[in-house]
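Chains, contacts and geometry: an overview
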Amino acid sequence: VKSVRILQSGLHRGEESIVFGNDRSGMVVFSGCHLSCSFCYTPETSRDFIGKDFSLEAFSSLLESLVEQGARNISLISPSHVWNFIEPALQQFKHTHGGYYPLILKVSGFESPAQIRRFARVADVFVPDFKVWDESVATAVALPKHYGRVAQAALKAIDESHRAPTWEGTVLRRGTVVRHLLMPDYAPDSCDVVKAAWQIGYHGLMNFMTCFIEPGKGLKRAPAHQVDALVGQARSLGIVPMVDGQLRQAG
Ligand code: SF4
């Protein structure tokens, strides 16, 4: 492999405002994906593989140019399938800048513990999806049948290396934010996802995303009672709930 395909890059506001630098995040969205979820919100990359090809040197220069433009962190979206290629550039970036610009990895949850341990060598903040738990739900949304078990093992591996978060005041410099998209048709499964995270001793942040774009049907928003119930469940299990990127305070 001589290049990596990138859909887009630039300065954006990150979803979770508590993550250091997310007010001016240097985002890189890789083209392609190792999954093919039926609810994919970026089919132009996962299915159509649109983008521009970058050599390793050009990718390194892209990271540097994001910093020069004023990025306060580097956020890599869907890097798993291109990791072997980009890893040397990321190591070089860390070597050059130390820990000053946190490296955020937005991953699908469908990664092996061994792969997570490789990511952990350079990652500051992990943002793994935990999309579904039950095999029948996974199959219904075109995920691999055993997605839930794989995501649970991936989260365990992430938690082993990034359990103790590093806060700078109220911003997270190092740690984990699990993302879970609420799909209104599968509400009970969301409860099972929270339980599966708790089962492996996860007590970190979990961001519930309440807007779901259903292919062909448009935007669906999870009802408030479902969101509140999930937030309550997470809190009772010692998980720190967030809703659409914001911490949900108790009370
Ligand atoms: S993991 Fe994300 S990018 Fe990949 S197919 Fe699923 S929704 Fe799309």
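Here, residues in each chain are numbered from 1, in the same order as that chain's written sequence. Residue-level local features of this predicted model are given only where pLDDT is at least 70; pairs of side-chain atoms are given and counted only at 80 or more, and the full residue set underlies all totals for whole chains, interfaces and linings. Only hydrogens and water are set aside; all other atoms, that is, all heavy atoms of the structure, feed into the side-chain values.

A few words now on the overall build of the protein chain. Only DSSP runs of H or I covering at least 4 residues are called helices, and only runs of E covering at least 2 are called strands; the numbering of each starts at the N terminus. Across its full length, the protein chain carries 8 helices and 13 strands. In terms of overall size, the protein chain behaves like a compact globule, its C-alpha atoms giving a radius of gyration of 17 Å where 251 residues would be expected to give roughly 18 Å. Taken along its principal axes, the extent of the C-alpha atoms in the protein chain is 50 × 40 × 30 Å. Any residue under 20% of the maximum accessible area for its type is buried, any over 50% is exposed, and the rest in between are partly exposed; the area is computed with a 1.4 Å probe on protein chains only. Relative to its full complement of 251 residues, the protein chain shows a buried share of 50%. In what follows, a contact means two residues having at least one pair of non-hydrogen atoms within 4.5 Å. Within the protein chain, residue pairs in contact and separated by at least 24 positions form 70% of the contacts whose partners lie at least 6 positions apart. When the accessible surface of the protein chain is totalled, it reaches about 11,400 Å², and 54% of it is carbon and sulfur. Side-chain charges of the protein chain comprise 26 positive and 24 negative groups, with the mean position of each set lying 2 Å from the other. Both definitions apply: the radius of gyration is a C-alpha atom measure, and the globule rule equals 2.2 Å times residues to the power 0.38. Residue exposure ignores everything except the shown protein chains as possible cover, and the areas themselves are Shrake-Rupley values with a 1.4 Å probe. The sign given to each residue is positive for Lys and Arg and negative for Asp and Glu; His and the chain ends receive no count. Throughout, a charge is located at the NZ atom of Lys, the CZ atom of Arg, the CG atom of Asp or the CD atom of Glu.

Time to look at the nonpolar core. Buried Ala, Val, Leu, Ile, Met, Phe, Trp, Tyr and Cys residues form a nonpolar core when they are joined through side-chain atoms within 4.5 Å. Counting residues in hydrophobic clusters, the biggest one holds 45 residues, and the most contacted among them are Phe130 and Tyr147. Of all the elements in the fold, those that place two or more residues in this core are strand E6 (125–128), helix H5 (135–140), helix H6 (147–162), strand E8 (171–181), helix H7 (187–199), strand E9 (205–209), helix H8 (224–236) and strand E12 (240–243). Once you skip the residues sitting within four places of it in the chain, Phe130 turns out to touch Tyr147, Gly148, Ala151, Gln152, Leu155, Val178, Arg179, His180, Val193, Ala196 and Ala197.

A few words now on the environment of Gly10. Relative to the assigned elements, Gly10 resides in strand E1 (residues 4–12). For Gly10, a relative accessible area of 11% gives the class buried. Remark: the alpha-carbon pair of Gly10 and Leu63, spanning 53 residues in sequence, is separated by 9.8 Å.

A few words on helix H2 (residues 56–68). Multiplying 1.5 Å by the helix residue count minus one yields the expected span of that helix. Over its 13 residues, H2 runs 19 Å from end to end, which matches the ideal 18 Å to within 8%, given 1.5 Å per residue. Those residues of H2 not exposed but buried are Phe59, Leu62, Leu63, Leu66 and Val67. Along the axis of H2, the buried positions cluster into a sector of 140 degrees, meaning they face one direction only. Counted as exposed and oriented over 90 degrees from the buried face of H2: Glu57 and Glu68. Looking at the buried positions of H2, the neighbouring elements they touch are E1, strand E2 (25–30), strand E3 (52–54), strand E4 (73–77) and helix H3 (83–97). An arc is given here, and it is the one of the directions from the helix axis to the C-beta atoms.

Moving on, we come to the environment of Gly14. Tracing the backbone through its elements, the reader meets Gly14 in the loop between E1 and E2. Considering only alpha carbons, one finds Gly14 and Met27, 13 residues apart in sequence, at a separation of 8.5 Å. Apart from the residues within four sequence positions on either side, Gly14 is in contact with Asn22, Ser25 and Met27.

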